[in-house]
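# Reading the structure
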Amino acid sequence: MNASLPTLLPVMLVTSMAAVYAHARLARFTNSAADARLVRALLLSGGAAFAAVTGLLFASAPFVQAVIAATSFGVVHVPAACILALKGLRARESRS
């Protein structure tokens, strides 16, 4: 698979922002600090595993491997970020 950096870099940026958003908002929507730590640990370990596999399997150049790994790490966080965004919208609507 030939990865195109001009395509990968914006995707990496968006998925990285999703990862940051998910971790920043997670504590607000969990019942306890222990639950937040558990979910963070699951996201981080799942993201790291997916990043390692995709980075090694789908690129040969080290820089492209790093970009693919970072993108894959963020992709794992996209569903959580979407769920947290929807929960945040629902919470705002209930306050109005």
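To start, this report covers the structure provided alongside it.

Definitions and cut-offs
- Residues numbered from 1 in each chain as written.
- Predicted model: local features only at pLDDT ≥ 70, side-chain atom pairs only at ≥ 80, totals over all residues.
- Heavy atoms only, no water.
- Helix = DSSP H or I, 4+ residues; strand = E, 2+ residues; numbered from the N terminus.
- Buried < 20%, exposed > 50% of the residue type's maximum accessible area, 1.4 Å probe, protein only.
- Axes fitted to C-alpha atoms, helices over the stretch in contact; angles between N-to-C directions.
- Left-handed = near helix turned anticlockwise from the far one by under 90°.
- Contact = heavy atoms within 4.5 Å.
- Nonpolar A, V, L, I, M, F, W, Y, C, P; charged D, E, K, R; others polar.
- Expected span 1.5 Å × (residues − 1).
- Core = buried A, V, L, I, M, F, W, Y, C linked by side-chain atoms within 4.5 Å.

## Topic: the overall build of the chain
- Regarding its fold elements, the chain presents 3 helices and 0 strands.
- Overall, the chain shows an N-to-C arrangement of helices and strands of α-α-α.
- Judged by the C-alpha coordinates and their principal axes, the chain covers about 50 × 25 × 15 Å.
- Taken over 96 residues, the chain has a buried fraction of 29%.

## What about the packing of helix H2 (residues 33–57) against helix H3 (residues 62–95)?
- Packing of H2 against H3 leaves a shortest axis separation of 8 Å and a crossing angle of 145 degrees. Taken as a pair, H2 and H3 cross one another with a handedness that is right-handed. Facing Leu43, Leu44, Gly46, Gly47, Ala48, Phe50, Ala51, Thr54, Gly55 and Leu56 of H2, the residues of H3 in contact are Gln65, Ile68, Ala69, Ser72, Phe73, Val75, Val76, His77 and Ala80.
- Across the contact of H2 with H3, the residue classes tally to 12 nonpolar, 7 polar and no charged.

## Description of helix H1 (residues 5–25)
- Taking 1.5 Å of rise per residue, 21 residues should cover 30 Å, and H1 covers 30 Å from first to last C-alpha, within 8% of that figure.
- Taken together, the buried positions of H1 are occupied by Leu8, Thr15, Ala18, Ala19, Ala22, His23 and Arg25.
- Tucked inside the fold, the buried residues of H1 contact H2 and H3.

## Some remarks on the nonpolar core
- Judged by nonpolar contacts, Ala18, Ala22, Leu26, Leu43, Ala80, Ala81 and Leu84 together constitute the single largest core of 7 residues.
- Broken down by element, the residue count for this core peaks at 3 residues, all from H3.
- In this view, Leu26 contacts Ala36, Val39, Arg40 and Leu84; residues no more than four positions away in its chain are not counted.
- Counting residues in each nonpolar core, the second largest holds 5 residues, with Leu8, Ala59, Val64 and Val67 among its members.

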